[in-house]
Amino acid sequence: MQIQQALTSAVRLELLPKSTIDIFVTIIENDGIEGCIAAGSVAASVALADAGIEMLGLVASCSTVCPLPSVL
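Everything in this summary refers to the structure shown in the same document. (Residues numbered from 1 in each chain as written. Predicted model: local features only at pLDDT ≥ 70, side-chain atom pairs only at ≥ 80, totals over all residues. Heavy atoms only, no water.)

**Focus: the layout of surface pockets**
The test is simple: Here a cavity denotes a set of grid points, spaced 1 Å apart and computed over the protein atoms alone, in which a 1.4 Å probe fits but from which it cannot get out, and a pocket denotes an open set meeting protein on both sides within 12 Å along at least five of seven lines; residues with an atom within 4 Å of a point are reported as lining. Grid points are joined across faces, edges and corners, and a volume is the space filled by probe spheres set on the points.
The volume enclosed by the largest pocket comes to roughly 320 Å³. If you trace the largest pocket, you find 13 residues lining it, with Gln 4, Leu 7, Thr 8, Ile 21 and Ile 23 closest to the centre.

**Points about the nonpolar core**
So the rule is basically this: Here, nonpolar core refers to any group of buried Ala, Val, Leu, Ile, Met, Phe, Trp, Tyr and Cys residues whose side-chain atoms link them within 4.5 Å. Three labels apply to residues, based on accessible area from a 1.4 Å probe with only protein chains included: buried if under 20% of the type maximum, exposed if over 50%, partly exposed otherwise in between. Whether two residues are in contact is decided by their heavy atoms: any pair within 4.5 Å suffices.
Leu 7, Ala 10, Val 11, Ala 44, Leu 48, Met 55 and Val 59 form the largest nonpolar core, which has seven residues in total. Once residues lying within four places of it in the same chain are set aside, the contact partners of Leu 48 are Leu 7, Val 11, Ile 21, Ile 23, Ile 53 and Met 55.

**Focus: helix α2 (residues 33–50)**
Condition: The secondary structure listing takes helices from DSSP runs of H or I that are at least 4 residues long and strands from runs of E that are at least 2 residues long, numbered from the N terminus. By this rule the span expected of a helix is its residue count minus one, scaled by 1.5 Å.
In a regular helix each residue adds 1.5 Å, so 18 residues correspond to 26 Å; α2 covers 25 Å between its end C-alpha atoms and thus fits that length. Looking at α2, one finds that the buried residues are Cys 36, Ala 38, Gly 40, Ser 41, Ala 44, Ser 45 and Leu 48. Looking at the residues trailing α2, positive phi occurs at Gly 52, about 90°.

**Topic: the pattern of salt bridges**
Counted only if it meets this: Here, a salt bridge means any side-chain nitrogen of Lys or Arg that lies within 4 Å of a carboxyl oxygen of Asp or Glu.
Considering all chains together, one arrives at two salt bridges under this definition. Glu 54 serves as the salt-bridge partner of Arg 12, at 3.4 Å between the closest nitrogen and oxygen. Here Arg 12, found in the loop between α1 (2–8) and α2, pairs with Glu 54, found in the segment after α2; they are 42 residues apart in sequence, far enough to count as distant. Judged by relative accessible area, which is 27%, Arg 12 ranks as partly exposed.

**Some remarks on a nonpolar patch on the surface**
Basically, it comes down to this: Note on patches: the residues involved have over 30% relative accessible area and no salt bridge, like charges join within 9 Å, and the nonpolar side chains Val, Leu, Ile, Met, Phe, Trp and Tyr join within 5 Å. Shrake-Rupley sampling with a 1.4 Å probe provides the accessible areas, and residues are treated as covered by the protein chains on show and by no other component.
The grouping of Leu 13, Ile 21, Ile 23, Val 25 and Ile 27 at the surface amounts to a nonpolar patch, some 400 Å² of accessible area in total. Here Val 25 falls in the partly exposed class, since its relative accessible area comes to 42%.

**Section: the side chain of Ser 45**
Positionally, Ser 45 belongs in helix α2. Those residues within four positions of Ser 45 in sequence are excluded, and the remaining contacts are Leu 7, Met 55, Leu 58 and Val 59.

**A closer look at the environment of Val 42**
Of note, Val 42 is situated in helix α2. Using a relative accessible area of 29% as the deciding quantity, one classes Val 42 as partly exposed. Sequence-wise, Val 42 and Phe 24 are 18 residues apart; in three dimensions their C-alpha atoms are separated by 13 Å. Dropping the residues within four chain positions of it, Val 42 is found in contact with Val 59, Ala 60 and Ser 61.

Read these as geometric descriptors, not functional statements.
Right, here's the structure in full:
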């Protein structure tokens, strides 16, 4: 759902009024759901651009991990 929301705002949907765009993201290894969403949205954005779909811009995404300080 988060990848769809990120891509919907980037694709110029008004140029494709009666079309559907199907994007399938295959996850080979999962190191965390946040990393999968970030990598998947960037990969899908680049795939749309490579397919010639008009976009306002490429989607950029990242994820971070902040370890909790250890309590002694």
